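# A structural walkthrough
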Amino acid sequence: MRLRQRMKSCCFLLTLALAFGLAPLLGQSLEEKVTVHALKNGLTVLFGERHGAPVFSTMYGFKVGSVDEVPGITGTAHLFEHMAFKGTPVIGTKDYEKEKVLMEKIAQVGREWSLELAKGERADKEKVARLRADLTKLEQEQKQYIIKDEIDLIYSNAGGTGLNAGTGTDQTMYIISLPANQFELFCLMESERIRNTVLREFYTERSVIQEERKQTTDAVPSRLLNEMFMGAAFIAHPYGNPVVGWASDINSVTLEEAQAFKQKYYTPNNCVLAIVGDIYPERAIPLVEKYFGDIPRGEDPPIFRTEEPKQLGERRVRFEFDAEPLLMMGYHKPNFPSKEDAAASVLAYILTTGRTSRIYKDLIQDKQLAVSIYAGSASPGARYPNLFTFNAVPRFPHTLEEVEKAVLEHVEKVKTEPVTEQELQKVKNNIEASYIRSMASNMGIAMTLVRYQLLFGDWKLFLKYRELITGVTAADIMNFAKTYLTPENRTVAYLVKKAKAS
Amino acid sequence: MKSIRIQKLVALAAAFLVLALPVLGQKHPRELPKPPALAFKMEKPVTFTLGNGIRVYYLQDTELPLVWVLGYFRGGSLYEPAAKVGLAPLMATVLRTGGSKTRPGDKINEELEFISATVEAMDASEFMSVTGNALKKDFAKLVEVYADLVMNPAFPQDKLDLARNQTLEGMRRRWDQPMQVGSFLFNEKLYGADTPYGRRATPATLKAVTREDLAALHQRFFAPNNLMLGVAGDVPLDQVKALLNRVFKGWAKRKVELPEPAPLTERADGTIYYAYKDTPQANVFLGHLGVRRNNPDQYKLDVLNDIFGGGGFTARLMKELRSNRGLTYGIYGGIFADRDRGPFQVASPLKAAQLVEALGLIKGIIQDLQTNLVSDEEIETAKNSIINSFVFRFEQKNRIMSGAMLLKLRGYADTYYDTYIDNIRKVTKQDVLEVAKKYMDPAKMIILVVGDEKKFEKPLSSLGTVKPIDLKALMEAERGPQK
């Protein structure tokens, strides 16, 4: 049975915490395996050699995510990620010159239509219908020149697997794994996409994303709660916006706006590429130079201004939904690579990871107030100061209030009693082991390399992460809890069951 | 090490020089030279049998200091009594959390988590798996705990209560998400609520389970001669043999009987089911029964499935409903094989305002596959994709091992993979048409929709007789009086 469905999920990458430390011996051997090659246009390429099966996995990321969006165009980073599968002037077309003429008309009609739609209730319904009809006609006409989803077609024929992409708050990542003899194909395809993506079938894809939002947020209680929670926790910083975008913006963003967004951020100097598997850098580098080397360097991405102001008091959100109750709580904190971030990461582990964690033992196993409670230390991203969070699923008939109170008791305990040496050592042992496990797959390695190089400027910073984790003391955790896990720095969100189901 | 690499380099130098020639401007991938053929050998695990009948699979992997242990016992929820559905998953959970007669579960938690090792058990309906992994330095410790748990589980009452309470809460929440609701309702309609394939656990069946039931189910399946046990990782074969012989010593063979459940019969008769839920999309499941494993048409079906609904964006369902029309974020479908007949099914959360149109498109795609030959390009892409991505089955050694074990467990020949590529190569357009006609019957398909009919462009009754399903009543009946 083969089940392959590309889920261009907006969240599968962003939830990955920075949970990789490094065992000293392995660190050395990984450094031996990694070759860094910087192109003149600013593209950083990282090679990881692993000569097992004759395959390789690649991931490249742009340092652009929903955090780089402004009001009105939320969801554009993610929307553009979808568009990057629609081809180029060379791929996906039978006659680009003829297509281009139609696409200019589509852009113009689509823009008028979108602007009218954006008026909401005040929109001229007849005008909307007429423009929609014109657009449909143009799109039908364009179809004769389109080779449908040719990127997928080419990679499928070549034996590629896992063609996908993901947008998070901080970055956008593209992935594909291929047999080792397809390296040049990879270089041609991806350099072409980075250089020349054409926003073909833009308005159809916008509809797909409207459905994506409904499927993955509006119909999913935990995702909806997350959206409500983040919106309350951040009043100024764009971490408060959902990655998929607000429905109004998805419904009206134009092709030109997506194109402008691309121009700003999809530059080689804002990109890191990792290639891991059965490849030899000395042979791969000339091909990488040949295909990626002449992509023009772009402007530096715009500077980022907005800082979240200090929270002055507890914020509470409560909304009704046709589902059983859920709880989310969080506190503002500094991000990686701070000492506080490391303390938070160890604390989250001690509180809720595994059957021996404090909250599992007390609230899940003994008191059975909830069926799951998870702490996280880097939501919803890591580029900017972020949140220490709890997600809890209460067990009937226990209430959200009971669960909240019980979790807070554990938070208070950390402020007055040091965690034990045994607890600290357990976390450190697990962080080291999880690093080793992440080295068991080409894509796992590629992901680690890209993350650290792209977000923090050097892949070796994950050595720093281990150093920070190893250095965390019981006092650091207590200080972190006292300073940051305070009522005035807290946001709490409740999803409660609709009083009367319709 | 270094010298070997240099030799390889020299050997490939010629091909490389050709590839490195400069080109002017970007070209289409079809203009690239044909890549050199990919050489790879299919590794196979070593197998042997211990004195008490444990069938062992072993594959060495020295890349990282890790080790995996993977055991499969035939048996599972297919063989549960109807009044105690949910027993097998509970038994799996409590086997691990309850600990053994000499090692309390909480103590095992402490020991394993401190060294970052895991052991977990799961029900997979026709078999139960117990998997473990650890750093290689802890291999002996891991296997000792593993063996003790599978041979001597304690099944204490408190851990049964914990597992049951957690499962009950999961049942309260299974009505929250529309695709999940659609999925279990569809299974019930497709296979029948009175069969082990279509029934589902309820609070009543869970509450009927006792510790004695767990012990009896364990006694029934967990015998050495019913265990297939795999070890992969950075441990030498002689060490594995010595350790397994030691820890499983004294575990005696027993007769294990697994009577085959009654064969499924087709119930699908074109009925349209509608379950109201206040949710933005129309969550749709369509289908009827599919095929059994080891069907001689399997290779033809693999190609058909790739073209129909399994092959990502090159598949017709995805191409038409998502890429061309923007009616969904995801849709998949296919004719699947299982122990008894698997499903022929299509599933998708669809745009509510164009539901009837979308259902028409899905039916149209099926009918077209039954009427016309697929295009040359489609069949080539499907076959190339299956053949050229085959190497990824051998990317990770622990997965090579589990792949070989599952093949055996599911009754396929050991040589299945050896001949797989050739068998796919032989499939023709005519074959695809033939199996589409033979195994798909759109008139018979159940259509099940979870959503809000007020949002559909036309009532479902425009497609035929609709049988409503009252979710609220079902949920309330299941939960019984509250508070």
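Bear in mind the structure is a predicted one, so any value in this text is a computation, not a measurement.

Glancing now at the interface of chain A and chain B. With 73 residues of chain A at the contact, the number on the chain B side is 70 residues. Every element with two or more residues in the side of chain A that touches chain B is listed here: helix 5 (150–157), strand 5 (172–179), helix 6 (183–196), helix 7 (202–218), helix 11 (281–292) and helix 15 (421–438) of chain A. If you tally residues by element for the side of chain A that touches chain B, the top one is helix 7 of chain A, at nine residues. When grouped by side-chain class, the residues that make up the side of chain A that touches chain B number 31 nonpolar, 21 polar and 21 charged.

Another aspect to go through is helix 8 (residues 211–221) of chain B. Quick reminder: α-helices carry 3.6 residues per turn. Residues three or four places apart thus point the same way. Residue and element names in this part refer to chain B. When helix 8 is considered as a whole, its buried residues turn out to be Leu214, Leu217 and His218. Along helix 8, the residues classed as buried sweep out an arc of 100° about the axis, all on the same side. When the buried face of helix 8 is taken as reference, the exposed residues oriented beyond 90 degrees from it are Glu212, Ala216 and Gln219. The inward-facing, buried residues of helix 8 contact helix 2 (87–97) and helix 5 (157–173).

Moving on, we get to the domain arrangement of chain B. Residues and elements named next belong to chain B. What the domain assignment lists for chain B is domain 1 (47–247) and domain 2 (272–479). Taking the mean C-alpha position of each, domain 1 and domain 2 sit 30 Å from one another. Between domain 1 and domain 2, the residue contacts involve 24 residues of the former and 30 residues of the latter. If you list the elements that add at least two residues to the side of domain 1 that touches domain 2, you get strand 2 (55–60), strand 3 (66–74), helix 6 (178–191) and strand 6 (227–233). When residues in the side of domain 1 that touches domain 2 are grouped by element, the largest group, nine residues, is from helix 6.

So, on to the confidence of the model for chain B. All names here are of chain B. Within chain B, residue pLDDT values average 93, and 94% of them lie at 70 or more. Confidence over residues 1–25 falls short of pLDDT 50; this stretch has seven contacts with residues more than four positions distant or in other chains. On the interface metric, ipTM, the complex scores 0.91, and its pTM is 0.92.

The next thing to look at is the environment of valine 284 of chain B. Tracing the chain through its elements places valine 284 of chain B in strand 8 (residues 282–289). The sequence separation of valine 284 of chain B and proline 104 of chain B amounts to 180 residues, and the corresponding C-alpha distance is 46 Å.

Turning our attention to the environment of leucine 178 of chain A. All names here are of chain A. If you trace the backbone, leucine 178 turns up in strand 5. A residue is classified by how many C-beta atoms lie within 10 Å of it, and leucine 178, with 27 of them, is buried. Separated by 62 residues in sequence, leucine 178 and glycine 240 place their C-alpha atoms 37 Å apart.

Criteria and thresholds
Throughout, a residue's number is its position along its own chain's written sequence, starting from 1. As they are written, the chains are lettered A onward and the ligands numbered 1 onward, keeping that order. Reporting in this predicted model follows two pLDDT cut-offs: at least 70 for local features of residues, and 80 or more for side-chain atom pairs to be given and counted; totals over whole chains, interfaces and linings ignore these cut-offs and use all residues. Contact between two residues is assigned whenever their backbone-derived C-beta positions fall within 7 Å. Under the DSSP-based scheme used, a helix requires at least four consecutive residues in state H or I and a strand at least two consecutive residues in state E, with every element numbered from the N terminus. Gly is put with the polar residues, along with every residue not named as nonpolar or charged; the nonpolar set is Ala, Val, Leu, Ile, Met, Phe, Trp, Tyr, Cys and Pro, and the charged set is Asp, Glu, Lys and Arg. Partly exposed residues are those whose C-beta has more than 12 but fewer than 20 other C-beta atoms within 10 Å; with 20 or more the residue is buried, with 12 or fewer it is exposed, and the C-beta atoms are placed from the backbone. Here the arc refers to the set of directions running from the helix axis out to each C-beta atom. The source of the domain bounds is an automatic or database domain assignment. A residue's pLDDT is the predictor's confidence in that residue, given on a scale from 0 to 100.

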